[in-house]
Number of protein chains: 2
Amino acid sequence: MGSEEWAEVTPDAARRLLTAGVQAFAERGYHATTTRDIAGRAGMSPAALYIHYRTKEELLYRISSVGHRLALELLRRARDSAGTPAQRLARAVRDFVRWHAEHHTTARVVQYELGALGEDHHAEIMELRRATDATLRSILEAGVAEGQFSVPDVRGTTVAVLSLCVDVARWFREDGKRTPEEIGEFYAELVLRMAGCAEQQRKR
Amino acid sequence: MGSEEWAEVTPDAARRLLTAGVQAFAERGYHATTTRDIAGRAGMSPAALYIHYRTKEELLYRISSVGHRLALELLRRARDSAGTPAQRLARAVRDFVRWHAEHHTTARVVQYELGALGEDHHAEIMELRRATDATLRSILEAGVAEGQFSVPDVRGTTVAVLSLCVDVARWFREDGKRTPEEIGEFYAELVLRMAGCAEQQRKR
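Residues numbered from 1 in each chain as written. Chains lettered and ligands numbered in written order. Predicted model: local features only at pLDDT ≥ 70, side-chain atom pairs only at ≥ 80, totals over all residues. Heavy atoms only, no water.

**Re the relation of the copies chain A and chain B**
For the match of chain A to chain B, the screw axis carries a shift of 0.0 Å, the RMSD comes to 0.0 Å, and the turn is 180°. In the structure described here, the two chain copies are related by an operation that fits a two-fold rotation axis. Comparing interface residues between copies, 97% of those in chain A also sit at the interface in chain B, which points to an isologous, same-surface contact. (Least-squares fit on C-alpha atoms with pLDDT ≥ 70 in both. Contact = heavy atoms within 4.5 Å.)

Right, dumping it as structure tokens:
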């Protein structure tokens, strides 16, 4: 799971530092973590860390950027997939929920430490969040246009659906009763209900 | 808002320390905050802090305990109110969402710093969370028993509804487009849809 998540990050040392950063930030919070802590977890010296990341903030930014891009990519693939709006919405929710369950530690760091990003990095991440929002919204709009969904407030529903899915990262436990796939399947059903998709349409 | 939230905490100095703790934990995280920081924000000496709270953990525990009890109390009042299950569920969601929007800083600290509680305090808070879950679940069960709701998985739906409402604390902004009341009203509608409550029943 970890290697798949960070596969795009090279070289190996840079990737090890990112995963060490995720663990340290998740356990102690960004502000209580030093670059020395992170380097130590990765089995490296502080000097070796600075070869790959100039600051602790740059490391957080890279974690946030990779996390946001992967989640956005999932939604874009669902939006562009074949099928009815209901099928595309179900796929979007299943994949987004599964990602937030499987990568719950990364997702929590990414969501809860946004305020620690520098101004330019924060603006860049906000751009990715707007794109995420727009991607899900376009599926809801397509369903409304085709008469498959009945949504009085598409923008508000978009925020609520993303919020429901993201918050899986907060409560998901690896030793819990349900797998990420099962939660994703169940949430797809709940979200189709939120979208006012009639029962016979949900299976189409 | 702040004074209403902490009204039960006396004397005044103990209450000031709690609100200072919430601000400090929210800005820097629990582990990066010292009791000296908190005392300073409250305009007190570290020694004065220890009169009211023996440790930083005890202060977090008090914040968490007050926050959880207030949120549970809202749900219990909704559960025990007059009206159909749909009306009680709508009230529960409206009040719970409004609380999490108005007290978003406290709610974030309470939710994100659970892991920092000591073992006994953690167990006590988990008991409050189980009671919160059971309270909302009982409204859903009543609606199913009366044929007003159609929920294939009451436990899973309970978790999802609470999660949706709690996560308002993460994304709510005081300068955003919607008031806490408006978000609560909209979420009540979304949750009645999740509960499979037919449109004509939602108004009853």
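Text resumes after the structure shown.
**Focus: the nonpolar core**
Ranked by size, the top nonpolar core spans 70 residues in total, and within it A:L89, A:Y187, B:L89 and B:Y187 carry the most contacts. Once residues within four sequence positions are removed from consideration, B:Y187 is found in contact with A:A160, A:S163, B:V93, B:V97, B:L164, B:V168 and B:W171. (Core = buried A, V, L, I, M, F, W, Y, C linked by side-chain atoms within 4.5 Å. Buried < 20%, exposed > 50% of the residue type's maximum accessible area, 1.4 Å probe, protein only.)

**A word on the interface of chain A and chain B**
Taken together, the 29 residues of chain A in the interface contact 28 residues of chain B. For the pairing of chain A and chain B, the buried interface totals around 2,500 Å² over both sides, and the portion due to carbon and sulfur atoms is 57%. Sorting the residues of chain A by area buried against chain B places A:H31, A:R170 and A:R193 first, and these three jointly supply 25% of that buried surface. Across the chain A-chain B interface, the total number found is two salt bridges. Salt-bridge contacts for A:D153 lead to B:R178; the nearest nitrogen and oxygen are separated by 2.8 Å. At the level of secondary structure, the elements contributing two or more residues to the side of chain A that touches chain B comprise helix 2 (12-28), helix 7 (104-112), helix 9 (154-166), helix 10 (168-171) and helix 11 (180-194) of chain A. Considering each element in turn, the side of chain A that touches chain B owes the most residues, seven residues, to helix 9 of chain A. When its residues are assigned to classes, the side of chain A that touches chain B shows 14 nonpolar, seven polar and eight charged. (Buried area = accessible area lost by both parts, 1.4 Å probe. Salt bridge = Lys/Arg side-chain N within 4 Å of Asp/Glu carboxyl O. Helix = DSSP H or I, 4+ residues; strand = E, 2+ residues; numbered from the N terminus. Nonpolar A, V, L, I, M, F, W, Y, C, P; charged D, E, K, R; others polar.)

**Looking at the pattern of salt bridges**
Residues and elements named next belong to chain B. Scanning the entire structure with this criterion turns up 34 salt bridges over all chains. When the shortest N-O distance is used, the salt bridge between D80 and R79 registers 2.9 Å. With a shortest N-O distance of 3.2 Å, E189 and R193 are connected by a salt bridge. Of the two residues, E189 and R193 are both situated in helix 11 (residues 180-194); the distance of four residues between them amounts to about one turn of the helix. A relative accessible area of 9% places R193 in the buried class.

**Focus on the environment of A:L75**
Residue and element names in this part refer to chain A. Take L75: it is sitting in helix 5 (residues 56-79). Considering only alpha carbons, one finds L75 and L89, 14 residues apart in sequence, at a separation of 9.1 Å. With residues near it in sequence (within four places) discarded, L75 still touches A92, F96, T132, T135 and L162.

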